[in-house]
Amino acid sequence: MPETLTRARRNQIDAIIDLLDYDFATFEIEHFCQHIERLHQRPIIVTHWRLAPDLFGMWFAGAQRDYIFINASLHPIHQTHTLLHELAHLFLKHRGIGLDEVNLDPELAEALRQLLTPAPTTGHFRSAQRVLLETPEEVEAELFVILIQKRVLHAQRMNELYGPEVTSIESMRPYVNALNFNS
């Protein structure tokens with residue numbers, strides 16, 4: 001678990017996940033997203049878009065709905081992780097960072113301005129850029145994902161989280177598959 005969070009905040013995030021009142025024995029990523037959407041009482045639009053290689057995903061709150069953009073060029077396992085990470089920001093009520101602080105491709109920035117009316121001034125970005133990874137909100141979102149993963153593993157639903165191939169590294173598959181996450 002990320003070490004920069006206090007034990008009290010870790011416990012709070014775990015309690016927030018308890019409040020989701022979600023049965024992880026029935027976990028499927030799409031079902032989980034729908035559950036979050038019902039609790040949030042706003043539509044959540046998830047879109048896979050080709051983003052810069054170091055930009056994994058982002059979340060913005062629009063006027064009527066929330067938008068999560070996932071980098072379509074990521075491995076499916078990384079896409080799922082990024083989706084859970086962005087849902088964490090939404091559910092943990094994180095404020096985000098200023099859009100002017102992130103170096104977005106001008107074409108993408110314009111497309112977002114057209115899509116999101118009024119244009120948001122803040123958002124969340126899952127990125128390889130170290131400055132974005134080290135904020136307390138990013139650490140909390142990663143902890144949220146870790147705690148969700150633990151519950152999914154405990155419920156023996158890893159295939160529903162990451163598919164039957166838990167690793168994309170061919171030589172590692174026999175070892176990872178031998179861990180038998182789903183039995």
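Just above, that's the structure.
Caption draft 1: Main features of the packing of helix H1 (residues 7–19) against helix H6 (residues 136–154). Taken N-terminus to C-terminus, the directions of H1 and H6 make an angle of 55°; their axes are 10 Å apart at the nearest point. Comparing the axis directions of H1 and H6 gives the class oblique. With respect to the hand of their crossing, H1 and H6 are arranged in right-handed fashion. Side by side, H1 and H6 meet where Arg9, Arg10, Ile13, Asp14, Ile17 and Asp18 of the first sit next to Glu140, Leu143, Phe144, Leu147, Ile148 and Arg151 of the second. Split by residue class, the contact of H1 with H6 holds six nonpolar, no polar and six charged.

Caption draft 2: Main features of the environment of Tyr67. Along the chain, Tyr67 falls in strand S3 (residues 66–71). A sequence separation of 23 residues divides Tyr67 from Ile44, and the C-alpha atoms of the two residues are 5.8 Å apart.

Caption draft 3: Focus on the packing of aromatic side chains. Within the structure shown, the criterion is met by nine aromatic pairs. Ring geometry for Phe60 against Phe69: centres 6.2 Å apart, planes inclined by 65°, an arrangement best described as edge-to-face. Phe60 gets classed as buried once you look at its relative accessible area, which sits at 1%. Summarising the aromatic geometry, the rings of Tyr67 and Phe69 are spaced 6.3 Å apart at their centres and angled 10° between planes, so their arrangement reads as stacked. When its relative accessible area of 1% is taken as the criterion, Phe69 is described as buried. Each residue in the set Tyr22, Phe24, Phe27 and Phe32 is aromatic and connected to the rest through ring pairs, giving one cluster.

Caption draft 4: View of the packing of helix H2 (residues 29–40) against helix H3 (residues 76–91). Across the interface, H2 lies against H3 with an axial gap of 12 Å and an inter-helix angle of 10°. Between H2 and H3, the interaxial angle falls into the category roughly parallel. Only Thr80, Leu83, Leu84, Leu87, Leu90 and Phe91 of H3 make contact with H2, whose side of the interface consists of Ile29, Phe32, Cys33, Ile36, Leu39 and His40. Residues that form the contact of H2 with H3 fall into these classes: 10 nonpolar, two polar and no charged.

Caption draft 5: How the structure looks around the nonpolar core. Core analysis: the biggest nonpolar cluster contains 32 residues, and Leu20, Phe32 and Ile148 have the highest contact counts within it. Those elements that provide at least two residues to this core are H1, H2, S3, H3, H6 and helix H7 (158–162). Ranked by residues supplied to this core, first place goes to H6 with eight residues. Among residues more than four places away in sequence, those in contact with Leu20 are Phe32, His35, Ile36, Leu39, Phe91, Phe144 and Ile148. Counting residues in hydrophobic clusters, the runner-up holds 12 residues, among them Leu55, Phe69, Ile97 and Phe125.

Scoring rules and cut-offs
- Residues numbered from 1 in each chain as written.
- Predicted model: local features only at pLDDT ≥ 70, side-chain atom pairs only at ≥ 80, totals over all residues.
- Heavy atoms only, no water.
- Axes fitted to C-alpha atoms, helices over the stretch in contact; angles between N-to-C directions.
- Helix = DSSP H or I, 4+ residues; strand = E, 2+ residues; numbered from the N terminus.
- Parallel < 35°, antiparallel > 145°, perpendicular 65-115°, else oblique.
- Left-handed = near helix turned anticlockwise from the far one by under 90°.
- Contact = heavy atoms within 4.5 Å.
- Nonpolar A, V, L, I, M, F, W, Y, C, P; charged D, E, K, R; others polar.
- Phe/Tyr/Trp six-rings, centres within 6.5 Å; stacked < 30°, edge-to-face > 60°.
- Buried < 20%, exposed > 50% of the residue type's maximum accessible area, 1.4 Å probe, protein only.
- Core = buried A, V, L, I, M, F, W, Y, C linked by side-chain atoms within 4.5 Å.

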